[in-house]
Structures are given as C-alpha cells and as structure tokens.
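Coordinates in review
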Amino acid sequence: MKSLSEIETTSKRASRALGFTWGEAEEVGKSIRLLELFGFPGIKNLNQYYKSRKTENFEKIKLINQINKSEKLLYCPITLGVRLMDQIKKLEIFQKCLFNGIAYPILLLPFLSRCSEIIGKKILFKFDKNEFLLNFNVSISSNSFQGEFPIKASDLEVIFLENKDNFSDVEWKNLYKISEDTFVEETDSLKKGAAGAGLTDND
Amino acid sequence: MNIKLRDPNVIMKLSRLGSFHQSRLSFLRSFLNEFKDWDYKRDLFDLDENGFGTAVYSFKKKDRVYSLICFANEIKDDERSDRVIATKWDAAFTLHDGVPHKKDIERLKNEVPKQEVGRLSYKELTLSRANKSVRVFNHVVESLSNGNQPNLDLLNKVGYLYRTTAVYGSGKFGLADRFRIKNREEINGPFRLEMMLVYLVRQFTFDQVNHVAKKRNPKSATELDLKICKNLGIGNSTGLGMAPFIVNHPTLLNNWILCRETALKKIREIKKVEIKDSNMFKECVRNSIKNITSWNTESAYQLVKIKDLLKDVRKFINFIEKDFNFKDDYPFNKIFFWLEKETCEECIEYIVSIMMEPFSEITQPLIKEMSSDEEKYFNIPTERTVEELKSILERKYPNILVINFEKKENNTKFWFISKNKEEPRLADRFEEQGSDLEQPLAIARDIKELYNQLLQSKNNLTIDKFLIENSHLRHVVRRAFIIEKFPYSEIQDNTISEKIVPIDMLRLKLSFFGALKFDPRSDKWLRICMFQGAPLPHELNNYDEQWVYKNHS
C-alpha cells in the first residue's frame, strides 16, 4: 500500500514534469492525496488525464464567471481547480457557477472540497446524474460511488449552499424536549445557592 | 523587562544556523524525557555466532508498544558504504507499531534489509540502516573475547560502534503516514520515533558486540563495561538529503527556532537567578570544554570553527569566573550582550544552548510547541492585495531583496533530485546539465523575482488575479504569506550562491536532533554522534538530565 505522503509527492512531481508550475504541482499533490484519503480513485484518474494531455489540448481558464463556456476545448480540471480555490470568495456570491464541459471532473472534487472549507459553506457539484456534496473538506458524500467516473462531463453546476439546518423546526424541538430530561428542576434553594453569580448584579 | 525575540534576519542566516548546538530542546533529549518511565525490554535476540540474525527491542506503557526489529546481515567489506548509493548494510532496522507477529518479522526480513527498494506497511513507523565502524567493532570484539576492556583512546576517538546512514519516517516507502499517529501524546514532538529507533539501535550494538565476543571465546569473554557503553553513541552519516527538508517545512522550521528564541528571551528576562541555577550553568560550561577538546575532525573548515569556539568559551569562562556577578539583575541578559560583543557566532549559539540547562520549567512547555500542523497554512489568502504582499516582502526579506541574481556568483548552484537514488543534489548550473529540472529550493531568487513582478503590478490588484499571470511564482507567494505569521520560517540566505556551505543546513537540523561532534567530510556531508553519554535503557527512570556535559570523553 502506498502512503499518502508518497501519493502526494509523486503526484506533485508528475504534475511538474508535465508543465504545471511548482505552486500548481503542490496543489495537485495535496488534492490527489485528499481524493485517495476520501476513497476516490485519484491516482488512476490523474494518470488517465495526464495520458490524454499528450494527444489532446484543454482550456486553461483564467477568470471564472457565473457562466463559463469554452468554445472548443474541455476545461482542464486542474487549472480550473486552482483558479476556483483562488477566486472562490468572489464566486460564492453567484450562488451557482456553470461550466459547459470539463475533462475528468473527478479531479475537480478535491479542489471543490478545499473551496468548501475556505468559504465555510457546503458545495454541491452536479453533472449528468452525478451529485457530490462537499462538506467543509471533512467529507465528500455522493450518489456516484459505483462504477467508473466519466472522462468528461458537460453542463456542470457548482452550487454554493447556504448554511442552514437540514432538519425541520419540529424535528429539532422534539429532540430538544427529550434532551431536557437530563436537566434538574431548580428549587428556590438551588436558585440561591447553586449558581456562581448572585441573583442581583447591580455593581 | 521585556526582551525582544532575536531578529530573524540575523538568526536565519546560514552561517548562524550552521553554528547551532544541541540543547534541552533537542529531540533526542526530549525523547529520553518522554520515555523515561516506559518499560524497556529485549524481546528477541536470535543471532548466530557471528552476530547475524534478528533481534527485537521494545518500549511499552499501558497498551502502547513500540518494537524495534533489527536484522543483522553479513556483508563483504567492499560492499560497505555510507553513501546513499549503497545497497547493503551491516544491519537494517524498522520501528514497528505494537508487538510484531512472527509473520510480520518474516515479511519485514525480506523488505527492511532492502531499505529504499523494499516496501513497508502502515504498521511500521520508521526505517533505518547502519554500518559498523569495522575498526572499532573488531577491536572491541577482540578485546572482550580475551577478557579485556577495549582501548578507550580508540573508542573516544570514534565514539560509536555503528553509524546509521539514513533514518526514514512519515510515509516513506510505505511507512505509516504521520496523520495516523500524530494525536498520540507521547510523540507530541518532532522526530520522536526516529529518535527512539536510533536509541534502541545503540543498545543493539552493545548487545551484538557482547554476543559475538562471548561466542568467540565463551570461557574467557567479558562484557563491555556499562560505563564504556554509556560513553558510546550512534554515529550518523548525513548528506544533502536533509537539506531540502528545512526549506520544504517552513512552519515546522519556524516552530523549532521560535521555541529556541522564546527560551532565550525568557531566560534573559529572569531578574534574579538562583545560585543553584547559576552554578549549574557554570558547571555545564566548564564541563563542556571536554566536549570541545574531544571533538575529532579532519575538516579544515570545522577545525577553524572548533578552535575559535574553544578560544571563546575559555574567554567566557574567564569572564564569568572573574568579572561577572550572577547577583546582578538580569544576569543572563548581560551575558548575552557580552557574548554578542566578544565572541564568534559558534560560541554565542553554544552558550545560548547551555543557558537552557537550569531552566526545565522554561523549556519543557516549549517542547510541545515544536511540531506543526502544516496543512493549516497551505492555502493562499488570495483576497489580499499586491500592496500587502509587497509590504510583507519588504519587511520580511530585506536582505534577500538586495541580492543581484544577475550576477553569476549569486546564481551558481541548482538543487535537483537524482534519478538513480531520488535524493537531493546540488550542482553548478554553468558546468553541469540538469538545471532545467531545478527543484523549488532557490527561495531567495524566486522571492526577488516575485518582488520585481509585484513592483510592476497595480497595488490594489488582488492575489487571485496576480496569480493568473504569475502562476510560476505561486510557490513563493504561499511562502510569503506563511512568513508573515511565522517569522523564523525562512532561511534568510541565498541557497544557490557560489559560496553556499550546504552542511550549514544539515547542522541546523542535526543540532535540533541533538547531535554532537559535527565532523564535515566535505561541504556536502558530515558525520555526527548521537546519544553519546546518554543513559542506558535500564537507567532511564532516574538519570542526570545534564548528561551531555558530564559523561563522555
């Protein structure tokens, strides 16, 4: 079994060897490490993507907008990932960013996961029938764990989710009521003697 | 009195970092302190009459066990090399997490002796190999088998029976990643498990030499005297492999240096020093003369440094014994100013280390601050502006920004990774090929380039936009934002200068390990000794913490 340290170092070096700058290569190393840590096939897909770069060109996005269309080429997931991390604080106001085509979309996942941590919001990444929920770089949940990941995807959505509860008020109140059974009813005597501060505090 | 921390632009110069010495903060000393109440045991010792075979040693406390597995193998004299190109060693070691099963030992027997080309698992924490000092080892076997103790002059000159040539950890070759073990309280300090490996290897070398002597002459052999054992350490040969580490781990480097500087600051801020503390300090300085005079090297570079150090330490002893009164207020602050004025860099840092000896209440809490969660500081704050970044560079790299990298002498060297051993190397870019594959270790040059680019950019441009056109500077943009928070995170020197002395980088790291007796064999590698004079395992529960200044010859 390869250690995560080996995965990071080798991904970084391979990325540099293929022309990414050292700073970008460092980002790739961290990201592939993260993908493998979360149980996604990072090394496999990075390999395939780097192989495809020998025969295909990919669009290197610069400034990301709400709607991003590359006329001829698929977006490079690595350049897009790095730019997303750099620009994420400006992009989150859009609530949603759209991309018309990305190569190896799985390689974008770790960058989005890190974006989620940077902005402190969950991010939903959708393409075709696949959905990935990026949870503050702590976990990634998905409906797409089975089978191969696509080598390209079109009409992708990156949705910045507002921080809100994913349960109803009623559900919360019900649970809270049960939790109250761990509290002690305060008698007059307890009110006077058990608190640290006095009953009045006018000084 | 509020003393300021020392200026990173002074302390982080390579010549200063290359003058650092071990101290109470050093990792091998904090390892001994942490594991002093653990149960030590030799679990297996299955060597043949020539000392070849397998041995297992362990430290245990409650449910936690760390086991050193040793494989001693026969090699030919012409196969023995300390260089990283070697493929065979007298002994190979791994530190296993827990008690190894037989099948673990069988698996490791096939892998550990192969070192870099073997594969370890997440159950192994560190990996190393070592070669005998054949001259010393054979002499000791010969002496002991005849019932005599060995010649102390020879032992003192070398200082060890074996020297390690690499100690690996943190995920190398399949070893456990640091994240798996980082929350364990007992290893809350850098390189603690590497130190454990080396310490247990030291004991193995004594057991092996006794065993071989006994097998050679069962009737008359004697065991190596425990006092002699104590005065032997483990040697280590270290090359450039260590140098990039301190560049690649800026927040960790900061924490090491910051702890040392914080300790010094707090000691200088002590108004009244108790007599017992000043006496301990003076005693350590006096005793340390023995460490200097027994420091053997053939390196002209190091001999000059030792000579200057010895001269200045003697001058200092004369000063504190004749002209100095420890009853004065803030005595260590006065001593510090005297040192700065009167002595060389090597001596300043030597005495700074000794100043810590009486003050475990200052150093002990700092030891826990010497690790770093580097991931936390990896992301670049891209919402910041060009103006802010420029200001950081001007404040934090003033001496770097004045270097002219157009001059050949400032841009002579390049760092690269060798294809055959995947190890860092340093070469002349104007004489050797390969500089197109240069590693990102020329931080000073790249910082200067970043600064020049920033000068041509609009002040209110945010970093996310700056990086679009300047992606090749991303690695140093990251570093600049790190140094803003971590003042000692960067070497304030040119690591590709014609005049660079790479062993300064090695010495910095080795001093934090706790190494003694730096012996440069060239400007790119050196030998050192670790644990010389340290308590033996059976003495750990009650040992003299100032052993560095008391025991070894």
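Model, not experiment: these values are computed from the prediction.

Conventions we followed
- Residues numbered from 1 in each chain as written.
- Chains lettered and ligands numbered in written order.
- Predicted model: local features only at pLDDT ≥ 70, side-chain atom pairs only at ≥ 80, totals over all residues.
- Helix = DSSP H or I, 4+ residues; strand = E, 2+ residues; numbered from the N terminus.
- Rg over C-alpha atoms; globule rule 2.2 N^0.38 Å.
- Buried ≥ 20, exposed ≤ 12 C-beta atoms within 10 Å, placed from the backbone.
- Contact = placed C-beta atoms within 7 Å.
- Domains from an automatic or database assignment.
- Nonpolar A, V, L, I, M, F, W, Y, C, P; charged D, E, K, R; others polar.
- Axes fitted to C-alpha atoms, helices over the stretch in contact; angles between N-to-C directions.
- Parallel < 35°, antiparallel > 145°, perpendicular 65-115°, else oblique.
- Pairing = 2+ DSSP bridges.
- Core = buried A, V, L, I, M, F, W, Y, C linked by C-beta atoms within 7 Å.
- Left-handed = near helix turned anticlockwise from the far one by under 90°.

A tally of helices and strands in chain B yields 20 helices and 11 strands. What you see for chain B is a C-alpha radius of gyration of 24 Å, in line with the 24 Å of a compact globule of 553 residues. Once the C-alpha set of chain B is aligned to its principal axes, its extents read approximately 85 × 60 × 50 Å. Split into buried and exposed, the 553 residues of chain B put 47% on the buried side. The contacts of chain B with a sequence gap of at least 6 include a subset with a gap of at least 24, amounting to 75%.

Tallying secondary structure elements over chain A gives 7 helices and 6 strands in all. In chain A, the succession of helices and strands from N to C terminus is α-α-α-β-α-β-α-β-β-β-β-α-α. Against the globule reference of 17 Å for 203 residues, chain A gives a C-alpha radius of gyration of 23 Å, more extended than a compact globule. On the principal axes, the C-alpha backbone points of chain A span a range of 80 × 40 × 35 Å. The buried share among the 203 residues of chain A stands at 36%. Considering only contacts within chain A whose residues lie at least 6 apart along the sequence, 62% involve residues at least 24 apart.

Next up on the list: the domain arrangement of chain B. All names here are of chain B. In terms of domain boundaries, chain B breaks down into domain 1 (8-34 + 373-512) and domain 2 (35-130 + 163-224). Once you take the C-alpha centre of each, domain 1 and domain 2 turn out to be 35 Å apart. Across the boundary between the two partners, domain 1 contributes 9 residues, which contact 12 residues of domain 2. Across the side of domain 1 that touches domain 2, the residue classes tally to 4 nonpolar, 2 polar and 3 charged.

Before going further, it helps to examine the packing of helix 2 (residues 22-37) of chain A against helix 5 (residues 109-119) of chain A. Angle between the axes and distance between the axes: these two values describe a pair of packed helices. Residue and element names in this part refer to chain A. Viewed as axis vectors pointing N to C, helix 2 and helix 5 meet at an angle of 95 degrees, and their least axial separation amounts to 8 Å. By the angle class used here, helix 2 and helix 5 are roughly perpendicular. Here helix 2 contributes S31, L34 and L35 to the contact with helix 5, which in turn contributes L109, P110, F111 and S113. A class-by-class count of the residues in the contact of helix 2 with helix 5 yields 5 nonpolar, 2 polar and no charged.

The subject of this paragraph is the interface of chain B and chain A. In this assembly, 21 residues from chain B lie in contact with 19 residues from chain A. Counting residues per element, the ones that place at least two in the side of chain B that touches chain A are helix 18 (463-469) and helix 19 (474-485) of chain B. When the residues that make up the side of chain B that touches chain A are grouped by side-chain class, the tally is 6 nonpolar, 9 polar and 6 charged.

The next thing to look at is the pairing of strand 6 (residues 152-160) of chain A. Residues and elements named next belong to chain A. For strand 2 (residues 96-103) and strand 6, the ladder comprises 7 bridges, and the chain directions are antiparallel. Paired with K96 across the two strands is I159, which belongs to strand 6. Pairing between strand 3 (residues 123-127) and strand 6: 4 bridges, direction antiparallel. For I123, the partnering residue across the bridge sits in strand 6 and is F160.

Residues and elements named next belong to chain A. Taking strand neighbours across the sheet as the criterion, the 6 strands line up as 1-2-6-3-4-5 in an open arrangement whose pairing is mixed. Taken across any chain shown, the strands that pair with only one partner, and hence form the sheet edges, are strand 1 (67-68) and strand 5 (139-142). Bridging between strand 4 (residues 130-135) and strand 5 involves 4 bridges; their strand directions are antiparallel. Counted as the bridge partner of L133 is S141 from strand 5.

Right, let's talk about the sheet that holds strand 2 (residues 53-61) of chain B for a bit. All names here are of chain B. Spatial strand order, 1-2-3-4-5-6-7-11-10: 9 strands in an open sheet with mixed pairing. Of all strands in the sheet, those with a lone pairing partner are strand 1 (39-47) and strand 10 (516-520), marking the two edges. Taking the axes of each pair of neighbouring strands and ignoring which way they run, one obtains an average angle of 25 degrees across the sheet. Inspection of the sheet shows strand 10 paired to strand 11 (residues 526-530) by 3 bridges, in the antiparallel sense. Note that in strand 11 the partner of L516 across the bridge is C529.

Turning our eyes to something else, we now look at the nonpolar core. Residues and elements named next belong to chain B. In this structure, L68, M196, L197, V201, V209 and V477 are the most contacted members of the largest nonpolar core, which totals 150 residues. When residues in this core are grouped by element, the largest group, 13 residues, is from helix 7 (residues 192-216). Mapped onto the domain boundaries, this core takes at least three residues apiece from domain 1 (8-34 + 373-512) and domain 2 (35-130 + 163-224). In this view, M196 contacts F31, F35, F59, Y66 and L95; residues no more than four positions away in its chain are not counted.

With that out of the way, let us pick up the packing of helix 4 (residues 77-91) of chain A against helix 5 of chain A. Residue and element names in this part refer to chain A. At their nearest, the axes of helix 4 and helix 5 sit 9 Å apart, and the two run at 15 degrees to each other. Between helix 4 and helix 5, the angle falls in the class roughly parallel. When the axes of helix 4 and helix 5 are compared, the crossing they make is right-handed. Contact with helix 4, carried on its side by G81, V82, L84, M85, I88 and K89, involves F111, L112, R114, C115, I118 and I119 of helix 5 and no other residues of that element.

All names here are of chain B. Its place among the elements puts T165 in strand 6 (residues 160-168). Along the backbone, T165 and P398 are 233 residues apart, and their C-alpha atoms lie at a distance of 38 Å. Leave out the neighbours within four places in its chain, and T165 touches D82, A86, R129, A130, N131 and S237.

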